[in-house]
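Analysis of the macromolecular model
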Amino acid sequence: MSLPETTSAAAGRGEDPFADAEVVLDVQNLVKHFPLTQGIVFQRKVGAVQAVDDVSFQLRRGETLGIVGESGCGKSTLAKLLMRLEEPDAGGVSFRGEDFLAAKGEHLRRLRRKIQIIFQDPYTSLNPRMSVGDIIAEPFSLHPEEKPAQGVRNRVKELLALVGLNPDHINRYPHQFSGGQRQRIGIARGLALNPDVIICDEPVSALDVSVQAQVMNLLDDLQQQLGLSYIFIAHDLSVVRHIADRVGVMYLGRIAELGTEEEIYREPSHPYTQALLSAVPVPDPTLRGQQEQIVLAGDPPNPADPPSGCRFRTRCWKATEICMTQEPQLVSRPGVSQLSACHHAEPDWEVGGAPDDARSNGGSA
């Protein structure tokens, strides 16, 4: 199946250009709570941290799904669940129609080859005692059935060239490379087994801005060349906007809003998304001060004791009585094209930056 083409017309309407593409990863009602205990010898459970709570989404072939949110919202825990580095308490994950969570033994090994991860810190994710060649070749020792016909060493050199590194540096060690080069080595390792899905857990947050752009451009080129699907996790909204086709905004273990990049950034409907976007720095000094920043009251609630009803209501300026008693579901709302978990969801043109025709109509959706 050929990859869908992203057209400017579709992007301008906020349509999803991947709507008809094959679903490679289907996540339904995923839950992960970490128990809190007291006592040393006789431990007793006194609560649980609700790191991920009822998260659902789909990832399609050739698509990049961005997951954003502030620290502690559950982004990295979600990545571990999708890799089965952590086992969920409830919910389901299917990969190309196969139950990923029920897979065991050889079946699990086979599925795991197709879902790889790129870690956040390029300095600690590479073994300093291993050469670059051994690091990239390590997946073949874990999956010997995937050893390339042309030989492991030749394949490693191909991967180094693919990510923009000199193949002749195969015998060098991680400390001989810069941060951006180390992250390219991590990408090469993730590509070794020809995966379909790569989970990028804040892969550029430890890099300089100029290097961030280079790594993101590399990821984009690899996606176009190999037909990869990405889950790109980050806390920087500007980084996610550069690479994502769809965006999910997480707050306190749940997805608050989910839609195309155009919908989320130009028509944010959830108050939390609107607050996040209002805080994004504006590089043009002539435009600074024209957009009022939304300052949220208080700190995020304790994930072990979230508020009743809407989890964002204690910091939300739109909160009413229904927000205290009824938990909003992530569904379509009247006048909103994306999915929003807010009883009072409505597009905010001033925060997102509406097209000129929307502004001329008084900012209404």
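Residues numbered from 1 in each chain as written. Predicted model: local features only at pLDDT ≥ 70, side-chain atom pairs only at ≥ 80, totals over all residues. Heavy atoms only, no water.

The name that an unreviewed UniProt entry assigns to the chain is Dipeptide ABC transporter ATP-binding protein, with the source organism given as Nesterenkonia halobia.

**Quick word on the layout of surface pockets**
A probe as big as a water molecule, rolled over the atoms, marks out the empty space that is left. Applicable threshold: Using protein atoms alone on a 1 Å grid, points that fit a 1.4 Å probe yet trap it form a cavity, whereas open point sets bounded by protein on both sides within 12 Å along at least five of seven lines form a pocket; residues with an atom within 4 Å of a point count as lining. Grid points are joined across faces, edges and corners, and a volume is the space filled by probe spheres set on the points. Strands are runs of DSSP state E lasting at least two residues, helices are runs of H or I lasting at least four, and both sets are numbered from the N terminus onward. For this classification, the nonpolar set comprises Ala, Val, Leu, Ile, Met, Phe, Trp, Tyr, Cys and Pro, the charged set comprises Asp, Glu, Lys and Arg, and every other residue, Gly included, is treated as polar.
Size it by volume and the second largest pocket reaches roughly 390 Å³. The wall of the second largest pocket is formed by 15 residues, among which Met83, Gln116, Ile117, Pro139 and Leu142 lie closest to the centre. When residues of the lining of the second largest pocket are traced back to their parent elements, those giving at least two are β6 (115-118) and α4 (132-142). By residue number, the principal contributor to the lining of the second largest pocket is α4, which donates 4 residues. Its residues placed into classes, the lining of the second largest pocket shows 9 nonpolar, 2 polar and 4 charged.

**Here's the deal with the side chain of Arg60**
Our working definition: Accessible area is worked out with a 1.4 Å probe on protein chains only. A residue is then buried under 20% of its type maximum, exposed over 50%, and partly exposed in between. Every residue pair with non-hydrogen atoms within 4.5 Å of one another is taken to be in contact.
Counting through the fold element by element, Arg60 comes out in strand β2 (residues 44-60). Classification of Arg60 by relative accessible area gives buried; the value is 13%. Here Arg60 is in contact with Asp16, Phe18, Ala19, Ala21, Glu22, Val23, Val24, Ser229 and Arg246, once residues within four sequence places are set aside.

**Focus: the sheet that holds strand β4 (residues 90-95)**
In plain terms, the rule: Strands were regarded as paired on the criterion that DSSP finds at least two bridges between them.
Here we have 4 strands laid out as an open sheet, ordered β2-β1-β4-β5, and antiparallel in their pairing. Of all the strands in the sheet, the pair left with one neighbour each is β2 and β5 (98-99). Pairing analysis gives 5 bridges linking strand β1 (residues 23-38) to β4, with the strands arranged antiparallel. In the strand pairing of β4, Gln28 is matched with Gly92.

**As for helix α5 (residues 152-162)**
Using the following cut-off: What the arc covers is the set of directions going from the helix axis to the C-beta atoms.
Along α5, the residues classified as buried are Arg155, Val156, Leu159 and Leu160. Down the axis of α5, the smallest arc covering the buried residues is 145°, so these residues share one side. The inward-facing, buried residues of α5 contact α4 and α6 (179-191). Phi turns positive one or two residues past the end of α5, at Gly164, with a value near 85°.

**Concerning the sheet that holds strand β11 (residues 331-333)**
To be explicit about the condition: For helices, the fitted line uses only the C-alpha atoms of the stretch in contact; every axis is such a line through C-alpha atoms, and the angle between N-to-C directions lies from 0 to 180 degrees.
Spatially, the 8 strands line up as an open sheet ordered β6-β7-β8-β3-β9-β10-β12-β11, and their pairing is mixed. Pairing within the sheet leaves two strands with one partner each, and these edge strands are β6 and β11. Each neighbouring strand pair of the sheet contributes to a mean axis angle of 20°, computed without reference to strand direction. Strand direction decides the pairing type here: β11 and strand β12 (residues 336-340), joined by 3 bridges, are antiparallel. Within β12, the position partnered with Val331 by the bridge is Ser340. Helix α7 (residues 209-226) rests against β3 (64-68), β6 and β8 (229-234) of the sheet, and its axis sits at about 160° to β8.

**Thoughts on the nonpolar core**
Convention followed: We define the nonpolar core as a collection of buried residues of types Ala, Val, Leu, Ile, Met, Phe, Trp, Tyr and Cys that are connected through side-chain atoms lying within 4.5 Å of one another.
Ranked by size, the top nonpolar core spans 54 residues in total, and within it Ile187 and Phe232 carry the most contacts. Residues in contact with Ile187, not counting those within four places in the same chain, are Ile118, Val163, Val215, Leu218, Leu219 and Leu222. With 32 residues, the next largest nonpolar core counts Cys73, Phe100, Ala103 and Leu258 among its residues.

**A word on a nonpolar patch on the surface**
Formally: Residues with no salt bridge and a relative accessible area higher than 30% make up the patches, which join like charges within 9 Å and nonpolar side chains (Val, Leu, Ile, Met, Phe, Trp, Tyr) within 5 Å. We get accessible surface area from the Shrake-Rupley algorithm with a probe of 1.4 Å; when it comes to residues, only the shown protein chains can shield them. Salt bridges are counted wherever a side-chain nitrogen of Lys or Arg sits within 4 Å of a carboxyl oxygen of Asp or Glu.
On the surface, a nonpolar cluster with roughly 450 Å² of combined accessible area is contributed by Ile40, Val41 and Phe42. Mapped onto the elements, Phe42 comes out in the loop between β1 and β2. Classification of Phe42 by relative accessible area gives exposed; the value is 73%.

**Quick look at the side chain of Ser229**
Mapping Ser229 onto the fold places it in strand β8. The exposure class assigned to Ser229 is buried, which follows from its relative accessible area of 1%.

**Describing the environment of Gly309**
Among the secondary structure elements, Gly309 is positioned in the loop between α10 (271-278) and α11 (321-325). Judged by its relative accessible area of 14%, Gly309 is buried. Not counting chain neighbours up to four residues away, the residues in contact with Gly309 comprise Cys323, Met324, Thr325, Gln326, Glu327 and Pro328.

**A word on empty space enclosed by the protein**
Summed over all chains, the structure comprises 1 cavity of 30 Å³ or more. The computed volume of the largest cavity comes to approximately 50 Å³. Along its surface, the largest cavity is lined by His270, Pro271, Cys310, Phe312, Arg313, Cys316, Lys318, Ala319, Cys323, Cys342 and His344. Its residues assigned to classes, the lining of the largest cavity shows 7 nonpolar, 2 polar and 2 charged.

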